[in-house]
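The chain contents come next:
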Amino acid sequence: MNLWSMLTHMGKDDVLKKLIEDLSAAVPAHSISVLSRDQITGFYHGPAQDQRCNVPGVDFLDSADPAIRRLLAGEEWVQWANAHSASVGAEGEGAAAVVVFPVAVHGQLEHVLAVSDDNLSDSDIRLIGGYCRQTALALETLDMQAGLKRKIERLASLVDMVDDFSTEQSYRNLLQTVLDRSAELLLAEQGSIMLIEKETDVLLLEASRGVLQEPAQRFRVPKGVGIAGRVAEMGEAILVEDIEHDPRIGTKNQAKYKTASFVSVPLKI
């Protein structure tokens, strides 16, 4: 198995560990570490580093650090120095210079490789940069594989849904099955199906899941009124990410709902 095949058959953490292991063997650095971006804070940190190094590697970078900004601007590598690295060099026990390299995944700076060494050559820089780019491609491939797997699983669920619908004899049960399987597919806890009463052109609740447990409470919604009424009138789906801040809605979310986001979709025949 070649290197590319090996990388794309690993987990993300294993790919990053292999990046460190391979470069530790190829480059005589004082320390090599990988920092990953925290999705919430945006800071770069992480314990992944070459355990054989006798000098601690970089374990944190602020997202506002000039080195990060330069990497985000497209530079292929940046020499970074802080108080720790300067003091280490002054004592003669380690590297005064730290060079950081981007590991950009799908155009986003998701990881940073930090190499501590005084004597990195141009060939070392090229080798490290090339390996970082190859690692980034492997991580992108893993993401695409995971995305494809999710799509296949959803497609399989859709096929199962069609099978369920085709065997359901009861009209009422069919509506409830459509709602339940749709909610499961979208990982939603709550939902409802409303159908238009032809005689009055009013929406009636026919099936519910979650909060509205009693379909017998068949409240009536005129076309054009509320989100469901508007969707029924326009025939187009409406996605609301935050009900309290969406200019189309602008109403306080009800306490019984766990989320302020929802989607309302027309059923066309």
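Coordinates for the structure precede this section.
This text gives an overview of the structure that appears in the document.

Parameters at a glance
Residues numbered from 1 in each chain as written. Predicted model: local features only at pLDDT ≥ 70, side-chain atom pairs only at ≥ 80, totals over all residues. Heavy atoms only, no water. Core = buried A, V, L, I, M, F, W, Y, C linked by side-chain atoms within 4.5 Å. Buried < 20%, exposed > 50% of the residue type's maximum accessible area, 1.4 Å probe, protein only. Helix = DSSP H or I, 4+ residues; strand = E, 2+ residues; numbered from the N terminus. Contact = heavy atoms within 4.5 Å. Patch = residues over 30% accessible without salt bridge, like charges linked within 9 Å, V, L, I, M, F, W, Y side chains within 5 Å. Areas by Shrake-Rupley, 256 points an atom, 1.4 Å probe, with all protein chains shown as cover. Salt bridge = Lys/Arg side-chain N within 4 Å of Asp/Glu carboxyl O. Expected span 1.5 Å × (residues − 1). Pairing = 2+ DSSP bridges. Axes fitted to C-alpha atoms, helices over the stretch in contact; angles between N-to-C directions.

Some thoughts on the nonpolar core
- In this structure, Phe101, Leu113, Val115 and Ile128 are the most contacted members of the largest nonpolar core, which totals 23 residues.
- Within the residue set of this core, elements represented by two or more residues are α2 (12-26), β1 (31-37), β5 (98-105), β6 (108-116) and α5 (122-167).
- Sorting elements by how many residues they give to this core places α5 first, with seven residues.
- When sequence neighbours within four positions are dropped, the list of residues in contact with valine 115 reads Ala29, Ser31, Ile32, Ala97, Val98, Val99, Phe101, Leu120 and Ile128.

Re a nonpolar patch on the surface
- The grouping of Leu186, Leu239, Val263 and Val265 at the surface amounts to a nonpolar patch, some 380 Å² of accessible area in total.
- Leucine 186 sits in the exposed class, given a relative accessible area of 52%.

What about the environment of valine 178?
- Position of valine 178 among the secondary structure elements: in helix α6 (residues 171-185).
- For the pair valine 178 and alanine 207, spaced 29 residues apart in the sequence, the C-alpha separation amounts to 9.2 Å.
- In contact with valine 178, not counting residues within four places along its chain, are Phe165 and Ile193.

Quick notes on α2
- Along its 15 residues, α2 runs 21 Å from first to last C-alpha, staying within 8% of the 21 Å computed at 1.5 Å per residue.
- Within the span of α2, buried status applies to Val15, Leu16, Lys18, Leu19, Ile20, Leu23 and Ser24.

Quick notes on the sheet that holds strand β9 (residues 220-222)
- Within the open sheet, the three strands sit side by side as β7-β8-β9. Their pairing is antiparallel. The sheet is open, and its two edges are formed by β7 (191-197) and β9, each paired on a single side. Shown here is a sheet whose adjacent strand axes are inclined to one another by a mean of 35°, direction ignored.
- Of the strand pairs in this sheet, β7 and strand β8 (residues 202-209) are connected by seven bridges, and their pairing is antiparallel. When the sheet's bridge partners are listed, isoleucine 196 is paired in β8 with leucine 203.
- Lying over the sheet, α6 contacts β7 and β8, oriented at roughly 65° with respect to β8.
- Across the sheet, helix α7 (residues 226-234) lies against β7, β8 and β9, angled at about 120° from β8, the strand it touches most.

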